[in-house]
Each structure stands twice: as C-alpha cells, then as structure tokens.
Amino acid sequence: PRCINRLPDLSVLSLIRIFIAVELLGRWPELIGVVVVCLIPKSDGGRRPIGLLPSLIRLWMRIRLQVAKEWQLANERSFFYAGPLKGANVAAWKQAARAELASYSSFDEYLCMLLDLVKAFDRVPHSWLVHNAHLYNFPLLILRVSIASYVLGRVICVDSIVSRVIYPTRSLTAGSVLATIEMRLLLIRCVDYTVYRFPD
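Residues numbered from 1 in each chain as written. Predicted model: local features only at pLDDT ≥ 70, side-chain atom pairs only at ≥ 80, totals over all residues. Heavy atoms only, no water.

How should I be thinking about the overall build of the chain in this particular structure?
Looking only at helices and strands, the chain has six helices and four strands in total. Ordering the α and β elements of the chain from the N terminus gives α-β-β-α-α-α-α-β-β-α. Along the first, second and third principal axes, the C-alpha atoms of the chain reach 70 × 40 × 35 Å. Burial statistics for the chain: of 200 residues in total, 31% are counted as buried. Within the chain, contacts between residues at least 6 apart in sequence are counted, and of these 64% link residues at least 24 apart. Accessible surface, the chain: about 13,700 Å² in total, of which carbon and sulfur atoms supply 61%. Of the charged side chains in the chain, 24 are positive and 15 negative, and the gap between their average positions amounts to 8 Å. (Helix = DSSP H or I, 4+ residues; strand = E, 2+ residues; numbered from the N terminus. Buried < 20%, exposed > 50% of the residue type's maximum accessible area, 1.4 Å probe, protein only. Contact = heavy atoms within 4.5 Å. Areas by Shrake-Rupley, 256 points an atom, 1.4 Å probe, with all protein chains shown as cover. Lys, Arg positive; Asp, Glu negative; His and termini not counted. Charge placed at Lys NZ, Arg CZ, Asp CG, Glu CD.)

Explain the pattern of salt bridges here, please?
Close approach of charged atoms lets side chains of opposite charge pair. Applying the stated criterion across every chain yields a total of four salt bridges. Here glutamate 23 and arginine 64 are joined by a salt bridge, their closest N and O atoms 2.7 Å apart. Of this pair, glutamate 23 sits in helix H1 (residues 9–25) while arginine 64 sits in helix H2 (residues 55–74), and the two are 41 residues apart along the sequence. Of the residues examined, glutamate 23 reaches a relative accessible area of 9% and is grouped as buried. When the shortest N-O distance is used, the salt bridge between arginine 77 and aspartate 192 registers 2.8 Å. Of this pair, arginine 77 sits in the loop between H2 and helix H3 (88–104) while aspartate 192 sits in helix H6 (residues 179–197), placing them 115 residues apart in sequence. Given a relative accessible area of 21%, aspartate 192 falls into the partly exposed group. (Salt bridge = Lys/Arg side-chain N within 4 Å of Asp/Glu carboxyl O.)

I would appreciate a short explanation of the nonpolar core in the present structure.
Generally speaking, nonpolar side chains in soluble globular proteins are found buried as a group. Judged by nonpolar contacts, the single largest core of 38 residues is most densely connected at Trp28, Trp60, Phe138, Leu178 and Leu185. If you list the elements that add at least two residues to this core, you get H1, strand S1 (35–41), H2, helix H4 (126–136), helix H5 (140–150) and H6. Per element, the largest residue contribution to this core is seven residues, and it comes from H2. Those residues within four positions of leucine 185 in sequence are excluded, and the remaining contacts are Trp71, Leu129, Asn132, Ala133, Tyr136, Phe138 and Leu143. (Core = buried A, V, L, I, M, F, W, Y, C linked by side-chain atoms within 4.5 Å.)

In this structure, what is going on with the pairing of strand S3 (residues 154–158)? I would like to understand it.
Relative to S3, S1 is paired through four bridges, and the arrangement is parallel. Pairing of valine 35 across the sheet is with arginine 154, part of S3. Relative to strand S4 (residues 161–162), S3 is paired through two bridges, and the arrangement is antiparallel. Counted as the bridge partner of valine 158 is isoleucine 161 from S4. (Pairing = 2+ DSSP bridges.)

What exactly am I supposed to notice about H3 here?
A turn of α-helix holds 3.6 residues, and therefore any two residues three or four places apart point the same way. An ideal rise of 1.5 Å per residue puts 24 Å on 17 residues; H3 measures up with 25 Å between its terminal C-alpha atoms. Every buried residue belonging to H3 is among Ala91, Gln95 and Ala102, and all of these are buried. Buried positions in H3, seen along its axis, are confined to an arc of 30° and lie on one side of it. Facing away from the buried surface of H3 by more than 90 degrees, the exposed residues are Asn89, Trp93, Glu100, Leu101, Ser103 and Tyr104. (Expected span 1.5 Å × (residues − 1). Arc of directions from axis to C-beta.)

Okay, here's the thing in structure tokens:
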C-alpha cells in the first residue's frame, strides 16, 4: 500500500470514490481477489494462520482504524489485556500479586481466572458481532464492510502448496488490523455480565 503515496491526486480521488462506493454497497467488488492464509510455523510447534488481505482492503482498514480505535477507547474495560502495556504477561503478574496479597490479608479465599481463547478468530459468528455492534454502538458501516472482507474467497498456503478457494461463513481474518477490536466487541457483553453477576 505504500506505493499509493506516489499516485497522482486524481488517482487517490478515484480510490476514495471506490471506498465510498464499497461502504455504501457494503461489499467488495467481485474482482478484489482472495485472502491468502499462510500457515506460519510457531516456535512452540504447530502453525499460526495469518491472512494476507488484498491491498485495497488493507488500505481501507488502515483508513478506518482510527474510527474503530475511538470506539475501543469509549468502551475500554479493565478486564481486557490486549494493547499497549497490557499483554498477557502483565495480566499474569498482576494476578500473582493479588493472590499473594490475599494470602496475607484477612481473606482466606482467592479465585483467579485467566482466559486465553484458542482458535478464537476462526470461530467468530458474524451474527454475534452484528448483535453486539447494535448494543454497544459500534460503527455498523465499518463492521459491514469488514465482515464482507472476511467472507471473501480464501486459499490456504502451506510451504508453497496452495489449496482450492474456499468461502468461510464465520471467522475474523487473523492479520486484519480491525480483528482484535472486533474480538473485543464479540466478548464485551459476556464479560460485562459476568462482572455484574460477580463484582468481587
């Protein structure tokens, strides 16, 4: 997408018109291409799927990322550990400190639960995203176009071997810049309810 910086103004305007049309229609042009899912080896064994979206989609997501980040800031929760200075190791250390503090206080009970979702991006039902977007005022226009990119044809690439094209009916594409924010959107209602039921 960096080569777009070298385009003349008229071409950039044409691109903007395409993005406006995509947002109005809620879908990508048929000739946009496919998502290439590469299975990259992990250091601890196994493989991690990373989706390489077509360049125009990546550019549109970068443009709209700021709007999604504004929603994220307006809906921040202390229980989410993803983002700057809030990695999984920070959550684990904080819980360890709380557990130790509880052992020295008048409380004789302490419970900690840390959830790390396995294959989470692969199992996201789009209908849940839409439902929660209505409840939590997530920009529906952005979500509609984002989901349209997740249902594009995909090919899976493993060690230079490529599969036939498949069409997913659920999931977020790991590698999408909006995917982690959309994962928050998916989980926020469930965890809000849990915190409401068990405030301690």
